[in-house]
Amino acid sequence: MQQLEPQTFASWAEPIDMLYACHSKVKSFCRQLQILPDYLEKNGVNQAVINDVQQILNYFNISAPLHHEDEEDDFFPELIKVQPQAQDDVDELERQHVHLHKNWDDLSQQLEDLLAGKRENVDSALIERFVAGYDVHIAIEEPLFELGREHLAQEKLSQIGKVMAERRKL
C-alpha cells in the first residue's frame with residue numbers, strides 16, 4: 001500500500017503558501033480533466049463525473065479568478081517593488097491570465113453542457129490546451145513565489161494575506 005504524505009494546511013497568515021495551495025488544486029483538477037474524456041467514453045456521465053465536474057466548475061469559476069486577483073492586485077505589485085527585475089515575468093503572467101480565462105470559458109461551456117445532458121463528451125484537445133496553459137503559467141509563476149518568500153517582509157506578507165482573506169470574505 002502506498003504511504004501517503006501528511007496533508008499540510010496553508011493559512012492566510014502565509015499568503016505564499018496559499019498561492020501554492022491554489023496551484024496544487026489547479027494541478028489536481030487538471031489531472032482530473034485529462035482523464036475525463038476516456039472515462040466518459042467507458043462509463044458515460046455518472047454521479048462521479050457529475051460530482052467531479054461540478055467541483056472543477058466551482059473552482060475555476062470562483063477560486064481561480066480570485067487567485068489571479070490575489071496575484072495581480074496584491075502579490076505582483078509588492079514583489080516588483082523589491083525585485084523590479086521580475087517585471088517582465090509578471091507582464092507575461094498577466095497576459096497569460098487573459099488566455100487562461102478564455103480557454104476556461106471555452107472548456108467550461110462544454111462542462112456545463114455535459115452536466116445539462118446536452119453532450120456526452122468533452123473535447124480532449126480543448127482540455128489539453130487548457131492544461132498546457134496552466135503548466136507553462138505555473139512554471140513561470142512559482143519561482144516568483146519563492147522570490148517573494150525571500151524578499152518580502154513578513155509584515156508585508158501578512159498584509160497581503162489579510163487582503164486575500166477579505167477578498168473571500170473570510
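Residues numbered from 1 in each chain as written. Predicted model: local features only at pLDDT ≥ 70, side-chain atom pairs only at ≥ 80, totals over all residues. Heavy atoms only, no water.

- Looking at an unreviewed UniProt entry, one finds the protein chain named Hemerythrin domain-containing protein, with Mannheimia cairinae as its source organism.

1. Examining the pattern of salt bridges
Move 1: Applying the stated criterion across every chain, the model contains 14 salt bridges.
Move 2: Close ionic contact of Glu142 with Lys27 constitutes a salt bridge, the shortest N to O distance being 3.7 Å. Of this pair, Glu142 sits in helix α4 (residues 124–151) while Lys27 sits in helix α1 (residues 15–43); the two residues are 115 residues apart in sequence, bridging distant segments of the chain.
Move 3: Across the pair Lys169 and Glu166 runs a salt bridge whose closest N-O atoms are separated by 3.8 Å. (Salt bridge = Lys/Arg side-chain N within 4 Å of Asp/Glu carboxyl O. Helix = DSSP H or I, 4+ residues; strand = E, 2+ residues; numbered from the N terminus.)

2. A few points about empty space enclosed by the protein
Move 1: Within the structure shown, the criterion is met by 1 cavity of 30 Å³ or more.
Move 2: Estimates place the volume of the largest cavity at around 50 Å³.
Move 3: If you trace the largest cavity, you find it lined by Phe60, Ala64, Pro65, His68, Leu100, His101, Trp104, Phe130 and Tyr134.
Move 4: Of all the elements in the fold, those that place two or more residues in the lining of the largest cavity are α2 (47–82), α3 (87–115) and α4.
Move 5: Broken down by element, the residue count for the lining of the largest cavity peaks at 4 residues, all from α2.
Move 6: A per-class count over the lining of the largest cavity returns 7 nonpolar, 2 polar and no charged. (1 Å grid on protein atoms, 1.4 Å probe; cavity = no way out; pocket = protein on both sides within 12 Å on 5 of 7 lines; lining within 4 Å. Points joined across faces, edges and corners; volume = space filled by probe spheres on them. Nonpolar A, V, L, I, M, F, W, Y, C, P; charged D, E, K, R; others polar.)

3. Here we look at the UniProt feature "domain: Hemerythrin-like" (unreviewed entry) in the protein chain
Move 1: UniProt tags residues 15–142 as "domain: Hemerythrin-like" (unreviewed entry).
Move 2: As annotated, residues 15–142 has a helix share of 88% and a strand share of 0%, and its two end C-alpha atoms lie 13 Å apart. (UniProt positions renumbered as here; feature names shortened; annotations may be inferred.)

4. Details of the packing of α2 against helix α5 (residues 154–167)
The geometry of a pair of packed helices is captured by two quantities: the angle between their axes and the separation between those axes.
Move 1: Where α2 meets α5, the axes come as close as 10 Å, and the angle between the chain directions of the two elements is 155°. The orientation of α2 relative to α5 falls into the category roughly antiparallel. You can see that α2 and α5 cross each other, and the crossing is right-handed. Side by side, α2 and α5 meet where Leu66, Glu69, Asp70, Asp73, Asp74, Phe75 and Glu78 of the first sit next to Lys156, Ile160, Val163, Met164 and Arg167 of the second.
Move 2: Considered class by class, the residues forming the contact of α2 with α5 number 5 nonpolar, no polar and 7 charged. (Axes fitted to C-alpha atoms, helices over the stretch in contact; angles between N-to-C directions. Parallel < 35°, antiparallel > 145°, perpendicular 65-115°, else oblique. Left-handed = near helix turned anticlockwise from the far one by under 90°. Contact = heavy atoms within 4.5 Å.)

5. Brief notes about α1
Move 1: Taking 1.5 Å as the rise per residue, α1 with 29 residues should run 42 Å; its terminal C-alpha atoms sit 40 Å apart, in good agreement.
Move 2: At Leu36, α1 shows its largest bend, some 40°, and a proline, Pro37, comes one to four positions later.
Move 3: Taken from the residues just after α1, Gly44 is the one with a positive phi, measuring 70°. (Expected span 1.5 Å × (residues − 1). Bend = angle between axes of the 7 residues up to and from the residue.)

6. Some thoughts on α3
Move 1: Its 29 residues give α3 an end-to-end C-alpha distance of 41 Å, which sits within 8% of 42 Å, the value for a rise of 1.5 Å per residue.
Move 2: Directly after α3, the chain includes Gly117, whose backbone phi takes a positive value near 80°.

7. Details of the nonpolar core
Move 1: Grouped together as the largest cluster of nonpolar side chains are 26 residues, with contacts concentrated most on Phe60, Leu107, Leu111, Phe130 and Tyr134.
Move 2: Those elements that place two or more of their residues in this core are α1, α2, α3 and α4.
Move 3: Not counting chain neighbours up to four residues away, the residues in contact with Tyr134 comprise Val26, Cys30, Phe60, Ala64, His68 and Leu100.
Move 4: Judged by nonpolar contacts, the second largest core, of 18 residues, contains Ile80, Val90, Ile160 and Met164. (Core = buried A, V, L, I, M, F, W, Y, C linked by side-chain atoms within 4.5 Å. Buried < 20%, exposed > 50% of the residue type's maximum accessible area, 1.4 Å probe, protein only.)

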